[in-house]
There are 2 protein chains.
Amino acid sequence: MPLLVMKFGGTSVATLDRIRRAAKRVGREVANGYDVIVIVSAMAGKTNELVGWVEETSPLFDAREYDAVVSSGENVTAGLMALTLQEMNIPARSWQGWQVPLKTSSAHASARIEEIPTDNMNAKFAEGMKVGVVAGFQGISEEGRITTLGRGGSDTTAVAFAAAFGAERCDIYTDVDGVYTTDPRISDKARKLDKIAFEEMLELASLGAKVLQTRSVELAMRYKVPLRVLSSFEEYDPNAGTLVCDEEEIMESNVVSGVAYSRDEAKVTLVSVADRPGVAAAIFGTLSEGGVNVDMIIQNISEEGRTDMTFSCPTNQVARADRAVQEARENGLINYHDIVVDNEVCKVSVVGIGMRSHTGVAAKMFDALSDEGINIKVITTSEIKISVLIDRKYLELAVQALHDTFELEKTA
Amino acid sequence: MPLLVMKFGGTSVATLDRIRRAAKRVGREVANGYDVIVIVSAMAGKTNELVGWVEETSPLFDAREYDAVVSSGENVTAGLMALTLQEMNIPARSWQGWQVPLKTSSAHASARIEEIPTDNMNAKFAEGMKVGVVAGFQGISEEGRITTLGRGGSDTTAVAFAAAFGAERCDIYTDVDGVYTTDPRISDKARKLDKIAFEEMLELASLGAKVLQTRSVELAMRYKVPLRVLSSFEEYDPNAGTLVCDEEEIMESNVVSGVAYSRDEAKVTLVSVADRPGVAAAIFGTLSEGGVNVDMIIQNISEEGRTDMTFSCPTNQVARADRAVQEARENGLINYHDIVVDNEVCKVSVVGIGMRSHTGVAAKMFDALSDEGINIKVITTSEIKISVLIDRKYLELAVQALHDTFELEKTA
């Protein structure tokens, strides 16, 4: 029996009524002859509520307890989805992460999937079950504790199941009808893309486009899982949404495919760090062990053997970063005079596979920002993207200006 | 190290602030030299919300999915309690039912505890953990599915842990400061009891006094677990609350200790049942298999080989009862002409160990009800209680009248 993975995000299961609508889509695919694995997120807002409670209870929380708490939202929707399907006379049952068991690393709050045994669920399919419903976002560590995969982790759960079970396709149902050239809430000229390359999607996802979790795209790319992003609020259309696929399947690439942003960034500077070999490794090793996701890094020109080391990270990891470097300083591992934090920055990026064969994209981008009077604080580039850190108040202006400059409202 | 079990009900963990207050009580016992196992309910209202969603999704729900959904509330509070204790520098961690693992029967939604292995948690105590926090109400079946113990099941979890770990005492923190002669919301003459016998508490609990789950009292009685019911909202007092204990420890028993009630009862009559041996067994066997908790039973006088069979059950089990007997009729197992349901009844009971040695309690009870013009529909009695089924609209009136009649406002 061909198998499909269908993932429904938080807004798609926000109410009992929406769960019923989602279940009808599942029912349609069952009628089309598919066995289906459904991955569900928590009802919209639930995970935020739980995270808020944890953070209020314990600012530097034990991530094992965080995981135990925040994973509960998905358990609710998994059970309700199974019940809804049963009411439609579709044989279904729910699985929580530990029941699969979806085995992960012990990196709580951002665990990585290690293994998804298929025997258990395949046996149920063989017995006549048509739909296995799985609570997304969660797994179990070797120690038997509940783990979560990081925010948006249900996308990764979905792609991992699609890869493990050899699914024909992985459909990600969400509250937008596909991947856009930029966030339509920021630019009304944003245009839906019919196809986008894995590599581009990867950059867009990691840059904060929020449509898909980065790791889900990585996984899809590695295991060649055809991935479709589509809305659960539109009429059924077999060709709806945006297909995330191999570069080769896209005839003519735009130089720039999209403008992404990440709003809640912080710029952290360690002032007057001893400038000698191994210092950068010590600092960023310390931050990595402290669970800080460092993004951009710049090192100033050295003066008298000392330098400033600047990096960016999400604003909610600043406390963690601060603690990690302070501890490292107390232990004599690193040395700096002061730590300066700018919590009011954001990151804006342009992404496009076409950049590989086109020059002048960076200059065009910097010109556009300069024309708007926007000062660039940090720049990083990769083969297919250019990112800048700017004051947060300029976010919308920058995105709109870049969307215009690269004429993203026009089809290729 | 002496061990204490402390259970906090839904109102005691309804907010982060209340969780902190509860954690302070735990901290005080840790300071007193105890290791503590904390059992938590879901935040007040959460379980009702989840049950509502399940029932709205699927009126005749798959109890396995019901359990998966409704158990999630306790997972949240267990994690938050562990985090709160950690913030107070008390080494603590949470356990979900399947992690203990608290092994139960497969009777979903009303599973029975079969085993609580102690090795895992005792090893953590040996490593220096001071508090193990356990999500109440839930366990795991042999099939690896999540089970729940029925509403109020966290009390049973608490007593079972106290028995398994040989706890010195099991303190049940709730929103009332003890066990009363009746519900103080119904009679302002209700009086708090300092002590009550296990047997009396058992009748009061099963009759709907709602202070403790019936099975928790049964367990406490069987394993001689000293059980204390007290408020989490009052100042600390080592002698607070009501002690539920052996009959021998109570000097002078009242004839009647309390008036209990159960509001949402239904009276179901199977009209014109063939009156021959085995029929009652067939009917009530059918209902039992259908998961219906039949309470009172009466059989009318037989006429021409047929009779009416009446029973009571909670109103929310009527649909289930209806389905069970209809299926049994279709399969030729039982035979009746019609099923008549009265959803507007309630049960009121008087309870007291002293009844064993006093006569005339029933007559006094029926007189009191008759004086108020309340018609009695069904009567059942045991050694230490008398229960009647009456129209629901008379509930408050009946409770008040009986409380007055037996002068329960006076101490023994």
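Residues numbered from 1 in each chain as written. Chains lettered and ligands numbered in written order. Predicted model: local features only at pLDDT ≥ 70, side-chain atom pairs only at ≥ 80, totals over all residues.

- As recorded by an unreviewed UniProt entry, chain A carries the name Aspartokinase and is attributed to Aliiruegeria haliotis.
- The UniProt entry for chain A carries this comment under Sequence similarities (unreviewed entry): "Belongs to the aspartokinase family."
- The record held by UniProt for chain A lists under Catalytic activity (unreviewed entry) the comment "L-aspartate + ATP = 4-phospho-L-aspartate + ADP". (UniProt positions renumbered as here; feature names shortened; annotations may be inferred.)

Overview of the overall build of chain A
Next, step 1: Within chain A, the regular secondary structure consists of 12 helices and 20 strands.
Next, step 2: Seen through its C-alpha atoms, chain A measures out along the principal axes to roughly 75 × 50 × 30 Å.
Next, step 3: Sorting the 412 residues of chain A into buried and exposed places 50% on the buried side.
Next, step 4: Here the analysis covers contacts within chain A between residues at least 6 apart in sequence; of these, 76% occur between residues at least 24 apart. (Helix = DSSP H or I, 4+ residues; strand = E, 2+ residues; numbered from the N terminus. Buried ≥ 20, exposed ≤ 12 C-beta atoms within 10 Å, placed from the backbone. Contact = placed C-beta atoms within 7 Å.)

Notes on the interface of chain A and chain B
Next, step 1: Of the residues lining the interface, 28 residues belong to chain A; the matching set on chain B comes to 28 residues.
Next, step 2: Contributing elements (two or more residues each) for the side of chain A that touches chain B: helix 2 (46-57), helix 3 (63-70) and helix 4 (72-87) of chain A.
Next, step 3: Of the residues forming the side of chain A that touches chain B, the biggest block, 11 residues, is contributed by helix 4 of chain A.
Next, step 4: Tallied by class, the residues present in the side of chain A that touches chain B amount to 13 nonpolar, 11 polar and 4 charged. (Nonpolar A, V, L, I, M, F, W, Y, C, P; charged D, E, K, R; others polar.)

With respect to the UniProt feature "domain: ACT" (unreviewed entry) in chain A
Next, step 1: UniProt records the feature "domain: ACT" (unreviewed entry) for residues 268-348 and 350-412 of chain A in the present numbering.
Next, step 2: Secondary structure content for residues 268-348 of chain A is 30% helix and 37% strand, and the end C-alpha separation is 18 Å.

Digging into the nonpolar core
Next, step 1: If you look at the biggest cluster of nonpolar residues, it comprises 250 residues, and the most contacted ones within it are Val38(A), Met201(A), Val38(B) and Met81(B).
Next, step 2: Both domains that furnish three or more residues to this core are identified here as domain 1 (3-175) and domain 2 (269-343) of chain B. (Core = buried A, V, L, I, M, F, W, Y, C linked by C-beta atoms within 7 Å. Domains from an automatic or database assignment.)

Brief notes about unusual backbone geometry
All names here are of chain A.
Next, step 1: Across the junction of Val100 and Pro101, the peptide omega takes the value -15 degrees, indicating a cis bond.
Next, step 2: Of note, Pro101 is situated in the loop between strand 3 (92-95) and strand 4 (103-104).
Next, step 3: The phi torsion at Phe137 lies on the positive side, around 80 degrees, for a residue other than glycine.
Next, step 4: Along the polypeptide, Phe137 turns up in the loop between strand 6 (131-135) and strand 7 (138-140).
Next, step 5: With 29 C-beta atoms counted inside 10 Å, the residue Phe137 sits in the buried group.

Re the UniProt feature "binding site: ATP" (unreviewed entry) in chain A
Residue and element names in this part refer to chain A.
Next, step 1: UniProt annotation of "binding site: ATP" (unreviewed entry) refers to Lys7, Phe8, Gly9, Gly10, Thr174, Asp175, Tyr180, Arg185, Lys210 and Val211 when read in the numbering used here. For this annotated set, covering 205 residues, the C-alpha atoms extend up to 23.5 Å from each other, a dispersed arrangement in space.
Next, step 2: On the secondary structure map, Phe8 appears in strand 1 (residues 3-8).
Next, step 3: Excluding residues within four positions of it along the chain, Phe8 makes contact with Val13, Ala22, Val38, Val40, Ser41, Tyr173 and Ser232.

Description of the sheet that holds strand 15 (residues 258-274) of chain B
Residues and elements named next belong to chain B.
Next, step 1: Ordered in space as 16-17-15-18-20-19, the 6 strands form an open sheet in which the pairing is antiparallel. Since the sheet does not close on itself, it has two edges, and those belong to strand 16 (297-299) and strand 19 (378-382), each with one partner. Looking at each pair of strands side by side, their axes are set apart by 25 degrees on average, direction ignored.
Next, step 2: For strand 15 and strand 17 (residues 306-314), the ladder comprises 8 bridges, and the chain directions are antiparallel. Residue pairing in the sheet places Val273 in a bridge with Thr307 of strand 17.
Next, step 3: Seen against the sheet, helix 11 (residues 361-371) touches strand 18 (338-351), strand 19 and strand 20 (385-391) and runs at an angle of roughly 20 degrees to strand 20. (Pairing = 2+ DSSP bridges. Axes fitted to C-alpha atoms, helices over the stretch in contact; angles between N-to-C directions.)

Some points on helix 6 (residues 153-164) of chain B
Residue and element names in this part refer to chain B.
Next, step 1: Taking 1.5 Å as the rise per residue, helix 6 with 12 residues should run 16 Å; its terminal C-alpha atoms sit 16 Å apart, in good agreement.
Next, step 2: Most of helix 6 is tucked away: 10 of the 12 residues are buried.
Next, step 3: Within helix 6, the full set of buried residues consists of Gly153, Ser154, Asp155, Thr156, Thr157, Ala158, Val159, Ala160, Phe161 and Ala162.
Next, step 4: Positive phi appears at Gly166, one or two residues downstream of helix 6, with a value of about 60 degrees. (Expected span 1.5 Å × (residues − 1).)

Side note on the sheet that holds strand 12 (residues 195-197) of chain B
For sheets, the rule is that strands pair by backbone hydrogen bonds, running either parallel or antiparallel.
Residue and element names in this part refer to chain B.
Next, step 1: On the basis of which strands lie adjacent, the open sheet formed by 8 strands has the order 3-6-2-1-9-13-14-12 and mixed pairing. The strands lining the two open edges of the sheet, one partner per strand, are strand 3 (92-95) and strand 12. Averaged over all pairs of adjacent strands, the angle between strand axes in this sheet comes to 20 degrees, irrespective of strand direction.
Next, step 2: Looking at chain direction, strand 9 (residues 169-174) and strand 13 (residues 227-231) are connected through 5 bridges and run parallel. Note on strand 13: the bridge partner recorded for Tyr173 is Leu230.
Next, step 3: Its contacts with the sheet place helix 6 against strand 1 (3-8), strand 2 (35-40), strand 6 (131-135), strand 9 and strand 13, and it is angled at close to 180 degrees to strand 1.

Comments concerning the relation of the copies chain A and chain B
Next, step 1: For these two chains of identical sequence, chain A goes onto chain B by a turn of 180 degrees and a shift of 0.1 Å along the axis, with RMSD 0.1 Å. Both copies of the chain, as the preceding transformation shows, are related through a two-fold rotation axis. Taking C-alpha positions as the reference, the residue of chain A nearest the rotation axis is Ser72(A), at 2.7 Å.
Next, step 2: In this assembly the copies share their binding face: 100% of the residues contributing to the interface of chain A also contribute to that of chain B. (Least-squares fit on C-alpha atoms with pLDDT ≥ 70 in both.)

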